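Notes for the structure review
Below, each chain spelled out in residue letters.
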Amino acid sequence: MVGVLEFLGDQPLILLGLLIALGSAAGRLGIGGVSLGPVAVLFVAIALTALGTTYDVTLEVPELLGSMGLALFAFATGILAGPSFFTTLRSAWQVVLAVAGILILAAGAGAVVGRSLGLNSEAIAGAFAGAVNNTPALAAAGGTPQATVGYATAYLYGVVAMLFVTGLAVSRGERDRDTPAEITDLTVRVEGDSSVSVADLRHRHGDRLTFSRIAHGAHTPPEPVLEDTRVGPGDLVTVVGPREEVEACCRELGHASSHDLTRDRSSLDFRRITISDPRLAGRRVGDLDRDLGRRFDAGITRVRRGDVDFVATPDLMLQLGDRVRVVAPPETIGEVSRELGDSSRGLTDVNPVALGAGFALGLGLGQVAVPVPGFGSVMVGAAAGTLLVGLVMGRLGRVGRVATTLPHTAASVMVELGLLVFLAYAGTRAGSQIITAFTDGEVLNLLVTGAVVTTTVGIGIYTVMRWGFKVGRIRLAGIVAGSHTQPALLAFANARTGHDPRVALGYALVYPAAMVVKIILAQLLVVL
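All of the points below concern the structure found in this document.

Compared with an ideal rise of 1.5 Å per residue, which puts 27 residues at 39 Å, helix 18 (residues 501-527) spans 40 Å between its outermost C-alpha atoms and is within 8% of the ideal. Within helix 18, the axis deviates most sharply at Y511, by approximately 40 degrees, and proline P512 lies no more than four positions further along.

Think of it this way: side chains of opposite charge can pair up when their charged atoms draw near. Per the stated rule, a full pass over the model turns up 12 salt bridges. E252 is the salt-bridge partner of R204, the closest N and O atoms lying 2.3 Å from each other. Within this pair, whereas R204 is found in helix 8 (residues 198-204), its partner E252 is found in helix 9 (residues 243-253), the two being separated by 48 residues in sequence. One salt bridge in this structure joins R290 and D287, with 2.6 Å as the shortest N-O distance. A residue pair is termed a helical-turn pair when its members lie 3 or 4 positions apart in one helix, as R290 and D287 do in helix 10 (residues 285-296) at three residues. You can call R290 partly exposed: its relative accessible area is 48%. Residue D287 is classed as partly exposed on the basis of its relative accessible area of 36%. When salt bridges with common partners are traced through the structure, they connect D291, R294, R295 and E339 into a single cluster.

A word on the state of the cysteines. Within the structure shown, the criterion is met by zero disulfides. Residue C249 stays outside any disulfide, its sulfur separated by 7.7 Å from that of C250, the closest cysteine. C249 gets classed as buried once you look at its relative accessible area, which sits at 0%.

Definitions and cut-offs
Residues numbered from 1 in each chain as written. Predicted model: local features only at pLDDT ≥ 70, side-chain atom pairs only at ≥ 80, totals over all residues. Heavy atoms only, no water. Helix = DSSP H or I, 4+ residues; strand = E, 2+ residues; numbered from the N terminus. Expected span 1.5 Å × (residues − 1). Bend = angle between axes of the 7 residues up to and from the residue. Salt bridge = Lys/Arg side-chain N within 4 Å of Asp/Glu carboxyl O. Buried < 20%, exposed > 50% of the residue type's maximum accessible area, 1.4 Å probe, protein only. Disulfide = S-S within 2.5 Å.

In structure tokens:
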């Protein structure tokens, strides 16, 4: 046993691979239908490192690898959440303020309990950093031996308790108030005495609809719908969008027809085509639609990103790897396919220019010192810096002729890879200190202090978000993970929800603010 441990101690890359393999295998084991998923890598790393400590063998994944994994994870998460983040932030800034308030309340509760138990400021600050699973906060607290022991003592409860809260969030039943509506299509027979443009119809229904085919009577062949197309009495038109919106449009125009235009593929056909040409990344559907309509009499009706379907509204920004449903005459659909690329490589092209530039900019931003009056300066750190840059690049889509985003599939792979590496690193870091923490005389006091902080954060976030802001269960799980700035929670929520994009959106919404607030609070706890 000692020989094996010593070998792993001398070969950190082999240790990293072993931890990822064993942890991932353990994460697939389910108890009562519940499995840990990738987060099991963290616990396997803690256990194996603690075992090595009992034999005086140091097992450690290099800090450089851990930092790179965390930065890669944060950047790719930002890329995935960027297209929706800023839109959501405008309507949910109150959520960010609420998370900051709950963290302040938790820090205050920890300070009161810690003082009453006789702990000094450094130990309290370390316990706070461990309770909220935030290593930069530990660094901000000075990283002294007392702070480090407090961090290690509170860390494990912080992970386990918040895993419970995250699991509670995603298991509140199948119905979710912000579940994306099912996309459907319906052929509508137009009644009435006047005509209306499809642009006006789309605007009336909040730009949530699109129109794929129109026929001027049941016995005439269907034609593609262009931006200036008008529908009038007796026309048949195929409406695409969320079911409730489609039904509302049907009632407005006339009634559902028994004649389904989508079945007639003689004059208009449809095909799923992958966006793989880099020129198209970051372009909006409306711009591309006008070009395809002018050149090929074609139009885009749906966009599939990952496992989620979107209505092809004019403002929707396309990403490499998106699969679009194109309606076009049979003789031109092949040309449309060549125009869009339609290569499986589009799903995995990592866009190295955007990846390298975003990574460097994010790491550089993390090193910028932000002055805080009365407390010196604070650096947001590599994780928050790369996340912020990823959010901006994902939102922009392109700058001039340069695409700034990554394919959804490639970004998802980077999220998981970076996360696994970081979890292995974090586990070896905590496991090497856990024995010291549990043999220290103050361990119980530190554990109680940390538990108060974690419990306050967990109950506060869950209660305020669920009943105060009426957040849906999937996004709530992401907010819990983001407020705790814990990638392991994100991995758990992703595993439980099949990588639902609302998890990443909730995580990215609160993560930057939570990171900065925790760093400032840790510094405050040291000086108070």
